[in-house]
Amino acid sequence: MHQIIYALVEASTTDEALAAGRSVSDRLVGTSPEYGAVFDYYVTFDDDSTSVAGKARWGELPIAEPIDSDSGQELLERGWEATKQEFERNLERVREGIQDFDIEAIMRDEELIRHACYNLGAYRGSSLFLYDEYGSAIRHRDQLDRVLESDEQMWIIPADVHY
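The sections below set out a description of the structure shown in this document. For clarity, every value in this text was computed on a predicted model and none was experimentally measured. (Residues numbered from 1 in each chain as written. Predicted model: local features only at pLDDT ≥ 70, side-chain atom pairs only at ≥ 80, totals over all residues. Heavy atoms only, no water.)

## Quick look at the pattern of salt bridges
Thinking step 1. According to the stated counting rule, one finds six salt bridges in the structure shown.
Thinking step 2. Glu-81 is the partner of Lys-84 in a salt bridge, and the nearest nitrogen-oxygen pair spans 3.2 Å. Here Glu-81 and Lys-84 lie together in helix 3 (residues 70-100), a separation of three residues that amounts to about one turn.
Thinking step 3. Judged by relative accessible area, which is 31%, Lys-84 ranks as partly exposed.
Thinking step 4. With its nearest N and O atoms 3.0 Å apart, the salt bridge here joins Arg-141 to Asp-145. Residue Arg-141 and its partner Asp-145 are located together in helix 6 (residues 141-148), separated by four residues, close to a single helical turn.
Thinking step 5. Judged by its relative accessible area of 38%, Arg-141 is partly exposed. (Salt bridge = Lys/Arg side-chain N within 4 Å of Asp/Glu carboxyl O. Helix = DSSP H or I, 4+ residues; strand = E, 2+ residues; numbered from the N terminus. Buried < 20%, exposed > 50% of the residue type's maximum accessible area, 1.4 Å probe, protein only.)

This is the structure:
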């Protein structure tokens, strides 16, 4: 499965932003032993070398955009809306599962109810779409607002990830 995630980083230039965004993605694919992989691989939108990911899959997206630009705001809105929708979808599945299933059915993960619980509580992974410069998922609006309050120029870098 593929999805687009977005790294929010502080940088002075497009090149610095892209490098910082790649660093976030590196953490999420576990390129160093201290980082646990939550995705298999990633492709940024400056990479033309693949026919299955990035631009080849999703079309043209900005490589890196300042958050305060129109394109940056559009990417930020996409990431935040995807995060909210996935949270709401998982929350509804959990609510329904708790009402409809007994303990044994939930333990067996009937209709993937335990998986929905896992996604609801996840701190990184396919149910989350925005990440800070340390590779931590942005899970709620207050957290997003704190990241955006930076005194430095904030950038958003999209990446196609596979899981």
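Read on, since the account is not over.
## Overview of unusual backbone geometry
Thinking step 1. At Asp-109, a position not held by glycine, the phi torsion is positive, near 65°.
Thinking step 2. With respect to the helices and strands, the residue Asp-109 is situated in the loop between helix 4 (103-107) and helix 5 (113-121).
Thinking step 3. Residue classification places Asp-109 among the partly exposed residues on the basis of a relative accessible area of 24%.
Thinking step 4. Phi at Leu-112 is positive, roughly 60°, even though this residue is not glycine.
Thinking step 5. As for its position among the elements, Leu-112 is in the loop between helix 4 and helix 5.

## Digging into the packing of aromatic side chains
Aromatic ring pairs are reported here in terms of the distance separating the ring centres and the angle at which the planes meet.
Thinking step 1. One pass over the full model with this rule turns up one aromatic pair.
Thinking step 2. Between Phe-39 and Tyr-163, the aromatic rings sit 6.4 Å apart at their centres with planes inclined by 65°, giving edge-to-face as the arrangement. In this pair, Phe-39 sits in the loop between helix 1 (14-28) and strand 2 (41-44) while Tyr-163 sits in the segment after strand 5 (154-162), placing the two residues 124 residues apart along the sequence.
Thinking step 3. Judged by relative accessible area, Phe-39 falls into the buried class, the value being 1%.
Thinking step 4. Overall, the relative accessible area of 34% leaves Tyr-163 in the partly exposed class.
Thinking step 5. Sitting above the plane of the Tyr-123 ring, Arg-139 keeps its charged end 3.9 Å from the centroid.
Thinking step 6. The positively charged end of Arg-141 is found above the aromatic ring belonging to Trp-80, 5.7 Å away from the centroid. (Phe/Tyr/Trp six-rings, centres within 6.5 Å; stacked < 30°, edge-to-face > 60°. Lys NZ or Arg CZ within 6 Å of the ring centre and 35° of its normal.)

## Regarding the side chain of Ser-127
Thinking step 1. Secondary-structure assignment places Ser-127 in the loop between helix 5 and strand 4 (130-131).
Thinking step 2. In terms of polar contacts, Ser-127 uses its side chain to reach the backbone carbonyl oxygen of Asn-119, at 3.2 Å.
Thinking step 3. Excluding residues that lie within four positions of it along the chain, Ser-127 makes contacts with Glu-86, Asn-90, Asn-119 and Ala-122. (Polar contact = N/O pair within 3.5 Å; in protein donor to acceptor, adjacent residues only side chain to side chain. Contact = heavy atoms within 4.5 Å.)

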